[in-house]
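Summary of the model geometry
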Amino acid sequence: MINFNGQLVEDSKFITNENRGYKYGDALFETLKVVHGKILFWEDHYFRLMASMRIMRMEIPMNFTMEFLEAEILKTINVNGLAKSSARVRLNIDRGNGGKYLPKEKLISYSINVELLNTDFYTTLTLKTYTVDLYKDYFVAPGLLSTLKTNNKAINVLGSIYAEENDFDNCLLLNTNKNVVEALQGNLFLVSGEHIKTPPIEDGCLNGVMRKQIVDVILNSGDYVLEEASISPFELQKADELFITNVIVGIQPILKYRKKEFKTKVSEDILKRLNTKLRLS
């Protein structure tokens, strides 16, 4: 069952061909991880969504409080029998139906769908290989819009097809300045000794919720130095480690980029610190 504007409906009955998110990508979304009825990092997700709606010139409804949306998410979790499990949740916000490029009315519509996850907290992924390469057919344009989670994800779709066709587990995206900005499904971190580097938001990477958590963990660790700076493709093969972050997986170490194989010592240490932070919160 999907929650569509507060009503629980079958997943085939909540959208029309006039929906603006469907027709024009005029929509935002948040991907959430919910563990036994607790939305991880909910405050960060909520404030990112509100900021994104303002950038997209969406009029935020008066009832869109943090408490209201949390209750709607948990209602959807409960009706799908996932209250005592872990779940992946997509909260989608759009401008409803009607209009061409210009909306006819200042409406806001939302939908929430959920699916089961097999893991509660974040675990070290024991994959024998996780290989990435650069996706260079199209580039991310730096700017506020590229930092948002909108439904305009053509480059991610095409990059994912390219990765599958070439037996890569993921691809790294470049911006128009030819700097590495992120992976297809998450933010990128580069490790050289005790120095950890991640692209700045200004380069066009997603303003990721898990990115924020990892930045906080690194800054509070006392063992690592963090730098938010542009990453050249030439730096990738010189790194000791590379890892990708998102709220569903947590940390995904990259094990191979072209001929270079990477360690996972630092990424595993940061993952342990992240889980400790979660247990204490």
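As the structure is a prediction and not an experimental result, all values here were calculated from the model.

Scanning the protein from terminus to terminus reveals seven helices and 16 strands. Computed over its C-alpha atoms, the radius of gyration of the protein comes to 19 Å, within 12% of the 19 Å expected for a compact globule of 281 residues. Across its three principal directions, the C-alpha atoms of the protein cover 50 × 40 × 35 Å. A burial count over the protein gives 50% of its 281 residues as buried. The contacts of the protein with a sequence gap of at least 6 include a subset with a gap of at least 24, amounting to 72%. Approximately 14,200 Å² of the protein is accessible, and the part contributed by carbon and sulfur atoms is 52%. For the protein, the separation between the mean place of its 35 positive charges and that of its 35 negative charges on side chains is 1 Å.

Glancing now at the sheet that holds strand β15 (residues 256-257). An order of β9-β8-β7-β15-β16 is seen for the five strands of this open sheet, with the pairing classed as mixed. Unpaired on one side and paired on the other, β9 (180-183) and β16 (260-261) mark the two borders of the sheet. Pairing between strand β7 (residues 131-140) and β15: two bridges, direction parallel. Counted as the bridge partner of T131 is K256 from β15.

Counted residue by residue, strand β5 (residues 86-94) has seven buried out of nine residues, so it is predominantly covered. One ladder, built from nine bridges, connects strand β3 (residues 27-35) with β5; its direction is antiparallel. Paired with A27 across the strands is D94, a residue of β5.

Moving on to the side chain of S109. Here S109 shows up in strand β6 (residues 109-117). Note on S109: relative accessible area 7%, which makes it buried. Side-chain polar atoms of S109 contact the side chain of N5, separated by 3.1 Å. What S109 contacts, discounting residues up to four positions off in sequence, is F4, N5, N92, I93, D94 and G96.

Right, let's talk about the nonpolar core for a bit. Formed by 26 residues in total, the largest nonpolar core has its most connected members in W42, M53, I73 and I93. Looking at this core, the elements with two or more residues in it are β3, α2 (42-55), α3 (66-79), β5 and β6. Ranked by residue count, the leading element in this core is α2, at five residues. Other than its neighbours up to four places away in sequence, M53 contacts L28, M58, I60, P61, F64, I93 and I108.

Tallying each qualifying case throughout the model produces 14 salt bridges. Of the charged contacts, one joins R20 and D26 as a salt bridge, the two residues approaching to 2.9 Å between their closest N and O atoms. E72 is paired through a salt bridge with K75; the nearest N and O atoms lie 3.3 Å apart. One end of the pair, E72, and the other, K75, are both in helix α3, three residues apart, so they sit about a helical turn from each other. Under the relative-accessibility criterion, E72 is labelled buried at 9%. Within the structure, one salt-bridge network assembled from shared partners comprises D44, K212, D216 and K277.

For the rest of this paragraph, the subject is helix α4 (residues 154-165). End to end, α4 covers 17 Å across twelve residues, agreeing with the expected 16 Å (1.5 Å per residue, within 8%). Looking only at α4, the buried set comprises I155, N156, G159 and A163. Down the axis, α4 shows its buried residues gathered within 95° of arc, on one side only. Structural note: α4 exposes A154, E164 and E165 on the side pointing more than 90 degrees away from its buried face. D167 sits one or two positions beyond α4 and adopts a positive phi of about 60°.

Quantified by volume, the largest pocket comes out at close to 860 Å³. Surrounding the largest pocket, 39 residues form its lining, R88, K149, L184, Q185 and N246 being those nearest its centre. At the level of secondary structure, the elements contributing two or more residues to the lining of the largest pocket comprise β3, α2, β5, β6, α4, β9, α5 (209-221) and β13 (241-246). Looking at the lining of the largest pocket residue by residue, the classes come out as 17 nonpolar, 15 polar and seven charged. Its volume calculated, the second largest pocket comes out at about 270 Å³. Around the second largest pocket, the lining is made up of 15 residues, and of these V140, L145, S146, N152 and I155 lie nearest the centre. Those elements that provide at least two residues to the lining of the second largest pocket are β7 and α4. Considering only residue class, the lining of the second largest pocket consists of eight nonpolar, five polar and two charged.

Thresholds, definitions, all that
Residues numbered from 1 in each chain as written. Predicted model: local features only at pLDDT ≥ 70, side-chain atom pairs only at ≥ 80, totals over all residues. Heavy atoms only, no water. Helix = DSSP H or I, 4+ residues; strand = E, 2+ residues; numbered from the N terminus. Rg over C-alpha atoms; globule rule 2.2 N^0.38 Å. Buried < 20%, exposed > 50% of the residue type's maximum accessible area, 1.4 Å probe, protein only. Contact = heavy atoms within 4.5 Å. Areas by Shrake-Rupley, 256 points an atom, 1.4 Å probe, with all protein chains shown as cover. Lys, Arg positive; Asp, Glu negative; His and termini not counted. Charge placed at Lys NZ, Arg CZ, Asp CG, Glu CD. Pairing = 2+ DSSP bridges. Polar contact = N/O pair within 3.5 Å; in protein donor to acceptor, adjacent residues only side chain to side chain. Core = buried A, V, L, I, M, F, W, Y, C linked by side-chain atoms within 4.5 Å. Salt bridge = Lys/Arg side-chain N within 4 Å of Asp/Glu carboxyl O. Expected span 1.5 Å × (residues − 1). Arc of directions from axis to C-beta. 1 Å grid on protein atoms, 1.4 Å probe; cavity = no way out; pocket = protein on both sides within 12 Å on 5 of 7 lines; lining within 4 Å. Points joined across faces, edges and corners; volume = space filled by probe spheres on them. Nonpolar A, V, L, I, M, F, W, Y, C, P; charged D, E, K, R; others polar.

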